[in-house]
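# Structural description and commentary
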Amino acid sequence: MAGSSTPRSAPPRSRRSSGRGTRAATPTRPAGKKRFFDYPRTGYTGLHRWLPSWRVVLGTVLGGAFLLLGAGVAAYATIDVPKPGEDVSAQTSTIYYADNADGSQGAVMGTYAVQKREIVDYDTLPAYVGESVVAGEDRTFFTNRGVSITGMARAFLHNATADDGTTQGGSTLTQQYVERYYVDKTTTDYVGKAREALLAIKIAQSQSKQEILGNYLNTIYFGRDSYGIQAAAQSYFGVDAKDLTQAQAALLAAVIPSPNNWDPAVDAAKSEQRWNIILDGLQDMGKLSDAQRAKLTFPDTVDYKRTERYTGTKGYLLTEVEKELETGPLKITKDELMRGGYKIVTTIQKPVQKDMESTAKSYRNGEMLGEKPNKRTKLAMVSVDPSSGAIVGMYGGSNFVDDQINRVTYDKIQAGSTFKPFTLIAALESGKTLESRYNGYSPMTVPGWSKPVPNFGGEQFGNINLIKATAESVNTVYAQLNEEIGPEKTADVAVRAGITTPVGTDPSNVLGTADVHPLDMASAYATLAAQGVHHDPYMIEKIENYDGTTAYEAKSKGKRVFDADVVADATYAMQQVVQSGSGETWIKPLDRPIAGKTGTTNEWKAAWFVGFTPQIATAVSLSQVGEDGKSQETIEAVPASLGGVTGGKTPAEIWASYMKGVFELPQYEKVEDFPARANVGPTPTARPKATTTPTPTPTPTETQETVDRVPSGLVGKLQADASGILVQAGLNPAVTTAYSDDVVVGRVISVSPGEGKKIKPGATVTLVVSSGPKPEPTKAPKPTQTAQPTPQPTKPAKTPQPTQDPTPEATEKADADAAASAG
């Protein structure tokens, strides 16, 4: 044919080689040879030589897709639906007290196992029970094939790109059913999720939606120790599942994602928010009309009565173990604890706990004080091992079933003067010494305070050092000290020591205006007992799996937060609280080295004694809630003759009674001394000391550096005025009373040494104050004095209260008044 012999025309210019990556004009491979996989591509240069052709790309994608599809088909064909997990296969978890002193296993504290499950037929339930769960967990349940590709893709994309640490789940209700009913454990890896998805698809083909939903409702955990819809209906509403109302069913569906946190008894606001989300879902699904929803109200739940596991004081210990398990490194949930077969050893020493509970019982039943305290008076006790932070004893209340607030870990009450040691440490770190001296007269105007700072009852102290100021809890001295070093340093020391609640930086923080947990105070003082090394408090020592392997073991990593010498000096001052100060009456008779501090707050709303030895630190606090169960009110004194409840009274007595038994235990009976006083800081140059400047001979004229004179004009003045004059002169006033027919009550009769007499700086001047004319004798029988509730050592008091040394009362109430002055 004519066209067949026509030579092929030359290619157009656009197809000719231009040297810019197009096909070469001449083939580069020898004729007759052809590679199986033409890569890099022949006949091309530049970038195009290395880019695969669309055929290769398409083939690769299709080949990969077919391979994945084939693998999926093979996996689907070979995967078998496992047998349902039975409750009998779930193993009991056991909580133990700490190991005994001889190394043997401690006693059982409590056990956890799957309980309160009653299987019910799905057909017996109202339709809205299942529909409510579907509305909250998977609104496509009735139409999907067991999995949701879009849901899984959305979750994968979020988890891969989110930088806020949050994760999403794309599981359908059927997948959740597989996880709980067949796999019986939470799966987080993508391979496990893929297997669950295949199981869900297979189960969705073999079981009806009703069967899946019914098994799911009988399996899921609803909180309140309740597994399955029947147990949950009883625990929350006291009814059978078949009798649940639509509002009640929606509430049960609402708590499924986090039952222990979204229970209305725990967080009513969050629970109601979730309840409304369920109702929104029902409307979106067409299962609830606007008119029907308008009639629904958020349902009331019955009071939850926990099992006997939580009765008594043990309930506070077990709930703390549960919290530590869930927030610890293993993140063991309550559901996993109920099923996992764990062996958990705590740090609670059974003999210590027994002594603590016995002391608390003696206080509550009136044996200790002769009368029972008000039922609303709350006692908290906790002991910490300074060497590790282990909590060895805890009393959060008398019965967890009646009062589920742990007063040790949950309560936040004002700390009072237990904060003064933090200011003392801050001062020593800032260059002050224990011999730094301040005037202790009262009231005193201190910069930064809105009102003058008083000591209790106008108690006057002369020019005293920080040891005396700590022992006697002198507010005016510590207010000056805090102002000098800066209250932010006091706050910083408190946080470093172990206080976890907010601490303000106002000047009054030295007097304990911050609200603190009793556990924090024990932990902070344990830091001092450990010579400045802080350990976070904890209660779980060891966790073993069901097969005996170790899952977790506590490894306390202490952190030095204070210099050891600074703490040695602070501890020395705090020992004087026990030896001669506000804690002397009850703590000193224990006759061993003890350091501590009393604390009392405004209007006697809280009272403390926190003390320690090198082996153990213990905090005891008292507070009283109002009739509403929330507000704090003045602690009712027991007996009434006690007056106000201060730290040096009942809390110190409780502390001493408890620790007396603890010190008899083998692990604590050894008496250990604190490190010796270190005398940190510059060489003191206190006024009472003579100058060290060498002089050839003593001068005949005595100067203000070595000698003072008793001020004139004191006789006839009011006691407070005369005391203030002496304090201003650097002298220490002491007051005694005498009858006088000539001098008005409250005014000075005489002074010793006399006015104008020479006296050493800081010496004591005695003021004899009139108590009025001597009363005429009467023939009437003398009234019987009120008996003390228990035999105890007493000292003469300035008030008609017969049970305590006036020094603790004076110094402790001052804390409250000064704190109130600071606003």
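Residues numbered from 1 in each chain as written. Predicted model: local features only at pLDDT ≥ 70, side-chain atom pairs only at ≥ 80, totals over all residues. Heavy atoms only, no water.

## Concerning the sheet that holds strand β2 (residues 108-112)
- Read across the sheet, five strands follow the order β2-β1-β3-β11-β12 without closing on themselves; strand pairing throughout is mixed. At either end of the open sheet lies a strand with only one pairing partner, and these are β2 and β12 (550-553). In this sheet, neighbouring strand axes are inclined to one another by 15 degrees on average, regardless of whether the strands run parallel or antiparallel.
- Taken together, the three bridges between strand β1 (residues 93-96) and strand β3 (residues 343-346) define a ladder with parallel strand orientation. Residue Ile95 lies in a different strand from β3, and its bridge partner there is Ile344.
- The strands touched by helix α12 (residues 314-327) within the sheet are β1, β2, β3 and β11 (540-544), with β2 carrying the most contacts at an inclination of about 60 degrees. (Pairing = 2+ DSSP bridges. Helix = DSSP H or I, 4+ residues; strand = E, 2+ residues; numbered from the N terminus. Axes fitted to C-alpha atoms, helices over the stretch in contact; angles between N-to-C directions. Contact = heavy atoms within 4.5 Å.)

## What about the environment of Pro502?
- Tracing the sequence through the fold places Pro502 in the loop between α18 (487-497) and β9 (515-516).
- Put simply, Pro502 and Ala514 are 12 residues apart on the chain and 7.2 Å apart in space, counted from C-alpha to C-alpha.

## Some thoughts on the packing of aromatic side chains
- Applying the stated criterion across every chain yields a total of 11 aromatic pairs.
- Consider the rings of Tyr310 and Phe400, whose centres lie 5.9 Å apart with planes at 35 degrees: the pair is tilted. Linking Tyr310 in the loop between α11 (290-294) and α12 with Phe400 in the loop between β5 (391-395) and β6 (413-414), this pair joins segments that are 90 residues apart in sequence.
- Assessed through its relative accessible area of 0%, Tyr310 is described here as buried.
- Residues Tyr316 and Phe400 carry aromatic rings whose centres are separated by 5.2 Å and whose planes lie at 90 degrees to one another, so their mutual orientation is edge-to-face. Here Phe400 lies in the loop between β5 and β6 and Tyr316 lies in helix α12, a separation of 84 residues in the sequence. (Phe/Tyr/Trp six-rings, centres within 6.5 Å; stacked < 30°, edge-to-face > 60°. Buried < 20%, exposed > 50% of the residue type's maximum accessible area, 1.4 Å probe, protein only.)

## Observations concerning the nonpolar core
- Counting residues in hydrophobic clusters, the biggest one holds 90 residues, and the most contacted among them are Ile344, Phe419, Phe422, Ile499, Met521 and Phe612.
- In terms of residue count, helix α19 (residues 518-529) provides more of this core than any other element does, eight residues in total.
- In contact with Phe422, not counting residues within four places along its chain, are Thr490, Val493, Ala494, Ala497, Ile499, Met521, Ala524 and Tyr525.
- Counting residues in each nonpolar core, the second largest holds 41 residues, with Val133, Val178, Leu213 and Ala249 among its members. (Core = buried A, V, L, I, M, F, W, Y, C linked by side-chain atoms within 4.5 Å.)

## Some remarks on unusual backbone geometry
- For the bond running from Val638 to Pro639, omega is -5 degrees, close enough to zero to count as cis.
- Counting through the fold element by element, Pro639 comes out in the loop between β16 (617-624) and α22 (650-662).
- The omega torsion of the bond from Ser752 to Pro753 falls at -5 degrees, within 30 degrees of zero and hence cis.
- Structurally, Pro753 can be placed in the loop between β19 (748-752) and β20 (758-759).
- Even without being glycine, Ser473 reaches a positive phi, approximately 55 degrees.
- In this structure Ser473 comes out as buried when scored by relative accessible area, which is 1%.
- Of note in this structure, Glu603 is not a glycine but carries a positive phi near 60 degrees.
- Relative to the assigned elements, Glu603 resides in the loop between β14 (595-600) and β15 (606-612).
- Taking relative accessible area as the criterion, Glu603 reaches 39% and is therefore assigned partly exposed.

## Details of the environment of Asn261
- Following the sequence through the fold, Asn261 ends up in helix α9 (residues 259-262).
- In sequence terms Asn261 and Ser271 are 10 residues apart; their C-alpha atoms lie 8.7 Å from each other.
- Within the local environment of Asn261, its side chain forms a polar contact with the side chain of Ser258, the two groups lying 3.0 Å apart. (Polar contact = N/O pair within 3.5 Å; in protein donor to acceptor, adjacent residues only side chain to side chain.)

## Focus on the pattern of salt bridges
- The full count for this structure, using the stated rule, is 21 salt bridges.
- Residue Lys323 pairs with Glu320 through a salt bridge whose shortest N-O separation is 3.6 Å. One end of the pair is Lys323 and the other is Glu320, both in helix α12 and three residues apart, which spans about a single turn.
- Glu320 sits in the buried class, given a relative accessible area of 12%.
- Across the salt bridge formed by Glu544 and Lys542, the nearest N and O atoms sit 3.4 Å from each other.
- On the basis of relative accessible area, Glu544 is assigned to the buried category, the value being 15%.
- Salt bridges linked by common partners bring Lys378, Asp403, Arg407 and Asp411 together as one network. (Salt bridge = Lys/Arg side-chain N within 4 Å of Asp/Glu carboxyl O.)

So, to be careful, I would describe these as geometric facts and stop short of saying anything about function.
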